[in-house]
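Residue-level structure breakdown
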Amino acid sequence: MTGQAADAGKSTASAAEVVIIGAGPVGLFAVFQLGLFDMRCHVVDILDRPGGQCAELYHDKPIYDIPGHPRIVAGDLVARLTQQIAPFAPTYAFGRQAVGLRRRDDGGFGMTLDDGAELSARAVVIAAGAGAFVPRQLSVPGAERFAGRSIHYHAVAPQSVRDSVVVVTGGGDAALGMALDLMPVARKVTLLHRSAGFRAAPALVGQVLAARDAGRLAVVRGEVTGLQGYGDRLSALRVRGEAGEADLACAHLFPCLGRVIEPGTVAGWGVGAKDGAIPASPESFETCQSGVYAIGDAASYPGKLPLILSGFHEAALMTQAVRKRLRPGARPGQSYTSSSTDVQRRLGVG
Ligand SMILES: Cc1cc2nc3c(=O)[nH]c(=O)nc-3n(C[C@H](O)[C@H](O)[C@H](O)COP(=O)(O)OP(=O)(O)OC[C@H]3O[C@@H](n4cnc5c(N)ncnc54)[C@H](O)[C@@H]3O)c2cc1C
């Protein structure tokens, strides 16, 4: 991971002037464009890693229409973008959802995250694609009652599950990784999966099977059909397995069931979002709120193409508009990276 992973806690301060919602390919390239003009960025994404759709939906597929790359695998494109923006030291809040935006009295913005933290920014760039990749919720009656206290859709602080009996459900990378991470702190960890095999990276599968064989991790085949507990505290799961239904002790449940796109995460931010997209000027990519910009799949304007290529172009034009706003005295226009010694010094190549 390039840049610094921001503390996902209640941090309110950020040295960044610009907050970008979305670490998809377009949000990442926006960091580069803004960085060329010395504007630092803080990037928020509900995913635990950069890449947006490229990371979540087609990580291993080749793309054939990125200029200069006859063929590039989506995951490699994301790795190259994060490498390209590293000199500008963006900060990241991964695993965090942006849930509110307010204009402050000083003309800047306060961006509220789902943990209650508020980030300050002088400009906001919405590169939120078609919406936030939120964790798929457990579809078992009463699950909402335990959510947050005993059912967790995100990683939690280790002390909150210390010496507890923990169950992780799912068979992908996230589930296996979560089970392995929780083993050192929990009293007992069970990985519950409805199929016989896993859909995870071979290295993770190897670690899980080794932990099972060493008696450090229980691996059970089955699915959750019911929840038992008091108030918001879970005590056991009802599990349907190969031998029928049985109770499984559980104080903390981590459903890792994949992610779904939650559209409309910016509805109510006063940016005029319509049918999941935000109307933006095709010259500046400013929305109807001055100082708030929309680019990439999140933006709509006549002739919009939902392609990575278009998003890169939008990031470049948005940057000129943000610069005009934040550096009113600066000479307008773009410097060539091939000849500007100032830019090359910032990139660490000059
Ligand atoms: C299967 C598939 C194949 C594709 N192939 C190609 C191709 O060959 N060429 C091409 O050009 N394009 C392709 N695309 C389209 C391309 O992936 C998108 O145009 C591109 O990902 C858009 O980038 P983005 O950064 O705007 O948004 P996204 O990649 O969607 O990233 C947006 C990010 O914002 C996050 N987010 C949203 N709301 C919030 C919030 N409130 N708080 C925190 N985080 C939030 C999301 O979690 C997500 O990670 C393909 C798409 C798919 C699905």
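Below is a summary of the structure that appears in this document. (Residues numbered from 1 in each chain as written. Predicted model: local features only at pLDDT ≥ 70, side-chain atom pairs only at ≥ 80, totals over all residues. Heavy atoms only, no water.)

It is worth spelling out the sheet that holds strand β9 (residues 118-121) at this point. Pairing within the open sheet is antiparallel, and its 3 strands lie in the order β7-β8-β9. The open sheet is flanked by β7 (98-103) and β9, the only strands paired with a single partner. Geometrically, the sheet is characterised by an average inter-axis angle of 25° between neighbouring strands, direction not taken into account. As judged from the 4 bridges shared by strand β8 (residues 109-113) and β9, these two strands associate in the antiparallel manner. Bridging across to β9, Thr 112 finds its partner in Glu 118. (Pairing = 2+ DSSP bridges. Helix = DSSP H or I, 4+ residues; strand = E, 2+ residues; numbered from the N terminus. Axes fitted to C-alpha atoms, helices over the stretch in contact; angles between N-to-C directions.)

Turning to unusual backbone geometry, a few remarks are in order. One non-glycine residue with positive phi stands out, namely Asp 163, at about 60°. Take Asp 163: it is sitting in the loop between α4 (143-146) and β12 (165-169). Given the relative accessible area of 53%, Asp 163 is considered exposed. The phi angle at Phe 285 is positive, at roughly 65°, despite the residue not being glycine. For Phe 285, the location among the structural elements is in the loop between β19 (278-279) and β20 (292-294). (Buried < 20%, exposed > 50% of the residue type's maximum accessible area, 1.4 Å probe, protein only.)

This paragraph deals with helix α6 (residues 202-213). Helix length check: α6 (12 residues) gives 16 Å between terminal C-alpha atoms against 16 Å at 1.5 Å per residue, within 8%. What α6 keeps buried is the set Leu 204, Val 205, Val 208 and Ala 211. Within α6, the buried residues cover an arc of 130° as seen down the axis, which keeps them to one side. Opposite its buried face, α6 presents the exposed residues Pro 202, Ala 203 and Asp 213, each directed more than 90 degrees away. In this fold, the buried residues of α6 make contact with α5 (173-182), β13 (188-193) and β14 (218-230). (Expected span 1.5 Å × (residues − 1). Arc of directions from axis to C-beta. Contact = heavy atoms within 4.5 Å.)

Quick look at a nonpolar patch on the surface now. A grouping of Leu 305, Leu 307 and Leu 309 is seen on the molecular surface, where their side chains present a nonpolar patch of about 250 Å² in accessible area. Along the chain, Leu 309 falls in helix α7 (residues 308-326). Here Leu 309 falls in the partly exposed class, since its relative accessible area comes to 42%. (Patch = residues over 30% accessible without salt bridge, like charges linked within 9 Å, V, L, I, M, F, W, Y side chains within 5 Å. Areas by Shrake-Rupley, 256 points an atom, 1.4 Å probe, with all protein chains shown as cover. Salt bridge = Lys/Arg side-chain N within 4 Å of Asp/Glu carboxyl O.)

Enumeration over the complete set of coordinates arrives at 19 salt bridges. Residue Arg 49 pairs with Glu 56 through a salt bridge whose shortest N-O separation is 2.9 Å. Here Arg 96 makes a salt bridge to Asp 115, at a shortest N to O gap of 3.9 Å. One end of the pair, Arg 96, is in the loop between β6 (91-94) and β7; the other, Asp 115, is in the loop between β8 and β9, and 19 residues separate them in sequence. Pair check on accessibility: Arg 96 and Asp 115 agree, each one buried. Shared partners join several salt bridges into a network, and the residues in it are Arg 194, Glu 223, Arg 238, Arg 240, Glu 245 and Asp 247.

Just distances and angles here, no functional claims.
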